[in-house]
Structure formats: structure tokens, C-alpha cells
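Coordinates in review
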Amino acid sequence: MTRSTRSITILTDDFADWETALINSTARAYYGFDTRFASPNGSPVTSMGGMVVTPHLAIEAIQLDELDLLIVCGGSIWQSERAPDIAALVAAAHERNIVVAGICDGTRVLAQAGVLDHVRHTSNSAQNLAQLNYAGAAHYQDVPYAVADQRVVTAPGSAPVSFMAEILRVMGIDDDNLKAYLAMHAAEHGKPA
């Protein structure tokens, strides 16, 4: 019996509810991923929308040898002094060839960890990452959708659909179900304004 693909999404207080909802629900419900959530000290966190989440584990308890995908959800905390220091964890995951993904200000963590130094990537804006004086600025892609390169996936906060799709593609999933799901989401934008 093969084991499920194992994924952990890092959540903090004021995490952006919508940013990782599609990847986690699609991966779990349609592709059988073992999706888990971690927070600082394993404490309950409250999203930007007011949803209270009790995670499965503490960030400090994450075991990389049991992981296939590490996602950093965005939120306002990543630009504050309250942000947990997870750069070493993210760098170690990348070094082990674990897929590492960040959306919105979660991309700042990837930049701080050095993961974006040599890969094409995006974020909410180039200025958002430039504030960090990271070494990957030459690889920044100014696009409104997710970018995947060398098992690293990044996206602006406004792109949860392409974020989901690029993560699944990097994980080796690009089937008719995914194409239909993407077409369904794209149809919403065909309506005249």
C-alpha cells in the first residue's frame, strides 16, 4: 500500500482564509492528500475572516522526513515583529527536495529562507520582497498568477486558483479533473462586469 501525499500548511493569527483553501480542499478531497495544519506552538489561530482553527501540530513539531509539501499561507503577520522565524525550516525542506509553496506574504518567508535566490518566483509585488534585501530579485516575475520553478511555487494573494493548480502540477497531478476544475473557476471571470 502506498502512503498518501503528506502536506502541511503553516497558519498564523490573521492568516488569509482564501489563499490555501482551494489547494487543501482539492488535494484532500479529490487526490487523497493527508493535509495537516501547523501553527506556532500548535495554538489555535484566528483568520482574517474570524475563523478559529485548531491546527494538528506545532510548527516546532514538523518532521520533514514525513513531508512531501510545505505551504506557507499569507497573512499580515509576515510583515510584523510577531512573525514566527521559520526560515530554517523552509530552507531545510527545500534542501530535501520537498515542494515548498508560499502565497501572498508567505512568499516573504521563502525569500528570507534563501529559497527564492535562484528560482523564478512572484509575490504581491516586487517591492514586497525587495524590502527584505534578498538575493533573488533578478528572478522575480511580475505576473498575476502562480509561478512554479524547481519545486518552489509562489503566488500573489489574489491567485489561489493558479496556486492550487501549480502545486498539483509540481506534485505530478495534471489530469482531466484538474483541467475541468480550472475551467470551472475560469468561467466565473467570463461574466461581463
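Here is what the cut-offs are and how they apply
Residues numbered from 1 in each chain as written. Predicted model: local features only at pLDDT ≥ 70, side-chain atom pairs only at ≥ 80, totals over all residues. Heavy atoms only, no water. Helix = DSSP H or I, 4+ residues; strand = E, 2+ residues; numbered from the N terminus. Rg over C-alpha atoms; globule rule 2.2 N^0.38 Å. Buried < 20%, exposed > 50% of the residue type's maximum accessible area, 1.4 Å probe, protein only. Contact = heavy atoms within 4.5 Å. Areas by Shrake-Rupley, 256 points an atom, 1.4 Å probe, with all protein chains shown as cover. Lys, Arg positive; Asp, Glu negative; His and termini not counted. Charge placed at Lys NZ, Arg CZ, Asp CG, Glu CD. Core = buried A, V, L, I, M, F, W, Y, C linked by side-chain atoms within 4.5 Å. Pairing = 2+ DSSP bridges. Axes fitted to C-alpha atoms, helices over the stretch in contact; angles between N-to-C directions. Parallel < 35°, antiparallel > 145°, perpendicular 65-115°, else oblique. Nonpolar A, V, L, I, M, F, W, Y, C, P; charged D, E, K, R; others polar.

Before going further, it helps to spend a moment on the overall build of the protein. Per the secondary structure count, the protein includes 6 helices and 9 strands. Taking 193 residues into account, the globule formula puts the C-alpha radius of gyration at 16 Å, and the protein, at 16 Å, falls close to it. Projected onto its principal axes, the C-alpha positions of the protein cover 40 × 40 × 35 Å. Taken across its 193 residues, the protein has 50% of its residues classed as buried. Sequence separation of at least 24 residues holds for 62% of the intrachain contacts in the protein that already meet a minimum separation of 6. Total accessible area computed for the protein in this model is approximately 9400 Å², and 49% of it derives from carbon and sulfur atoms. Within the protein, one finds 12 positive and 21 negative side-chain charges whose respective centroids are separated by 5 Å.

The next point concerns the nonpolar core. Counting residues in hydrophobic clusters, the biggest one holds 31 residues, and the most contacted among them are I10, I62, L70, I86, V90, L110 and L116. Looking at this core, the elements with two or more residues in it are β1 (6-10), β6 (69-72), α2 (87-95) and α3 (106-112). No other element matches α2, which puts 5 residues into this core. Ignoring any residue separated from it by four or fewer positions in sequence, one finds L110 in contact with V72, V90, V100, A101, G102, V115, L116, V152, V153 and T154. The next biggest cluster of nonpolar side chains, apart from the first, holds 24 residues, and it includes V99, F163, I167 and L178.

As a further point, take the sheet that holds β1. Reading across the sheet, the 7 strands line up as β5-β2-β1-β6-β7-β9-β8 and stay open at both edges, with mixed pairing between neighbours. Edge strands, defined here as strands with exactly one partner in the open sheet, are β5 (57-58) and β8 (147-149). The sheet contacts of helix α1 (residues 21-31) involve β1, β2 (34-39) and β6, and relative to β2 the element is tilted by about 145°.

Right, let's get into the packing of helix α5 (residues 160-170) against helix α6 (residues 176-187). Relative to each other, α5 and α6 sit at 170°, their axes nearing to 11 Å. Considering the angle they form, α5 stands roughly antiparallel to α6. Facing V161, M164, A165, L168 and R169 of α5, the residues of α6 in contact are L178, Y181, L182 and H185. Of the residues assigned to the contact of α5 with α6, the class counts are 7 nonpolar, 1 polar and 1 charged.

Our next topic: unusual backbone geometry. One non-glycine residue, C104, lies in the positive phi region at around 60°. Even without a glycine there, the phi angle at N133 is positive, about 55°. Within the fold, N133 resides in the loop between α4 (126-130) and β8. With relative accessibility at 70%, the residue N133 sits in the exposed group.

That is the geometry; function is a separate question.
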